[in-house]
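One letter stands for each residue in the lines below.
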Amino acid sequence: MNYFKKHSQTPVKIRYWCQDETRIGLKTITGKLITACGVKPVGLYQWLFKYLWLYGLVEPKTGNSFFYEFSHLDTPCFEKFLELFSQQYPDEVHIIQLDNGRGHLGLDLSIPDNIILLFQPPYCPEVNPIERFWKEVKKFLKNQVFDSLDFLRRILRNILARFTQEDIASITGYDFILEALSVAGL
């Protein structure tokens, strides 16, 4: 496939990304606790329903990533996320695999010229590698209690900074995607 910049014959690099959002908040994410045999585990928890939405993109081939926090999951936030991403990588064409979420399907959604949305089949989150990445991020948050969203934001930034490009590529580099990209010459 050859894509060219407008009014130019210069080939443009094509990149394949996987996108999704996850809600992270003050309500405790519970997980297994280790105790002695016969001892019921006791852990701290809270039921506060204050949260943020973390929008993310990962590139399975290289492990590059792009994350941004929003207060809502809707079309205007998704549109802004695409705009910010497009500005970060303006000289490339980006194929983005994503689910059929309501925010992705808004009739008034404006998509930047260098982005192509590739919708995965409905009800199959297992084909989107970023789902596995979210699971890894949330492992660090299990059984934790946070005083405020600001404190959670700081912790979340630290968690995301722990993941190297190699880590992200290892988590999200599904064989079937990498093979398809290789065959396509991407």
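Just so we're clear, the structure is a prediction, and the values are computed from it rather than from any experiment.

## Topic: the sheet that holds strand S5 (residues 115-119)
- Taken together, the five strands give an open sheet; going across it, the order is S3-S2-S1-S4-S5, and neighbouring strands pair in mixed fashion. Every interior strand has two partners, whereas the edge strands, strand S3 (65-70) and S5, have only one. For this sheet, the mean inter-axis angle between neighbouring strands, taken without regard to orientation, is 25 degrees.
- Looking at chain direction, strand S4 (residues 92-98) and S5 are connected through five bridges and run parallel. Bridge pairing in S5 places Leu98 opposite Phe119.
- Strands strand S1 (13-25), strand S2 (51-58) and S3 of the sheet are contacted by helix H3 (residues 149-162), whose axis makes an angle of about 20 degrees with S2.

## Describing the packing of aromatic side chains
- One pass over the full model with this rule turns up 16 aromatic pairs.
- Note on Tyr55 and Phe70: the rings are 4.7 Å apart at their centroids and 65 degrees apart in plane angle, and the pair reads as edge-to-face. Note that Tyr55 is positioned in strand S2 and Phe70 in strand S3, a separation of 15 residues in sequence. You'll find Tyr55 and Phe70 in the same group, each marked buried.

## What to know about the environment of Trp53
- Mapped onto the fold, Trp53 is located in strand S2.
- In the structure, Trp53 is positioned 38 residues away from Arg15 in sequence and 25 Å away in space, judged by C-alpha atoms.
- Here Trp53 is in contact with Glu21, Thr22, Arg23, Tyr68, Glu69, Phe70, Ser71, His72 and Leu73, once residues within four sequence places are set aside.

## With respect to a positive patch on the surface
- Together, Lys32, Arg132, Lys135 and Lys142 line one region of the surface with positive charge.
- In this structure, Arg132 sits in helix H2 (residues 130-139).
- For Arg132, a relative accessible area of 39% translates into the label partly exposed.

Reading guide: rules and limits
- Starting afresh in each chain, residues are numbered from 1 along the sequence in its written order.
- Per-residue local features are limited, in this predicted model, to residues with pLDDT of at least 70; the limit for side-chain atom pairs, both in listing and counting, is 80 or more; totals at the level of whole chains, interfaces and linings are taken over all residues.
- As a rule here, side-chain values come from all non-hydrogen atoms in the structure, and water together with hydrogens is ignored.
- If DSSP finds at least two bridges between two strands, the strands pair.
- Numbering goes from the N terminus for both helices and strands, where a helix is a DSSP run of H or I of at least four residues and a strand is a run of E of at least two.
- Each axis is a line fitted through C-alpha atoms, taken for helices only over the stretch in contact, and angles between the N-to-C directions span 0 to 180 degrees.
- Contact definition: two residues touch when any of their heavy atoms are within 4.5 Å.
- Geometry of aromatic contacts follows a simple scheme: Phe, Tyr and Trp rings, the Trp one being its six-membered ring, pair when their centres are within 6.5 Å, and the pair is stacked under 30 degrees between planes, edge-to-face over 60, tilted otherwise.
- For every residue, the accessible area obtained with a 1.4 Å probe (protein chains only) is divided by the maximum for its type, and the residue is called buried under 20%, exposed over 50%, and partly exposed between those limits.
- Patches draw on residues past 30% relative accessible area with no salt bridge. Two like charges within 9 Å are joined, as are two nonpolar side chains (Val, Leu, Ile, Met, Phe, Trp, Tyr) within 5 Å.
- Throughout, the Shrake-Rupley method with a 1.4 Å probe supplies accessible areas, and for residues the shown protein chains are the sole cover considered.
- Think of a salt bridge as a Lys or Arg side-chain nitrogen and an Asp or Glu carboxyl oxygen that are within 4 Å of each other.
- His residues and chain termini do not enter the charge count, which takes Lys and Arg as positive and Asp and Glu as negative.
- Positions of charges follow a simple convention, taking NZ of Lys, CZ of Arg, CG of Asp or CD of Glu.

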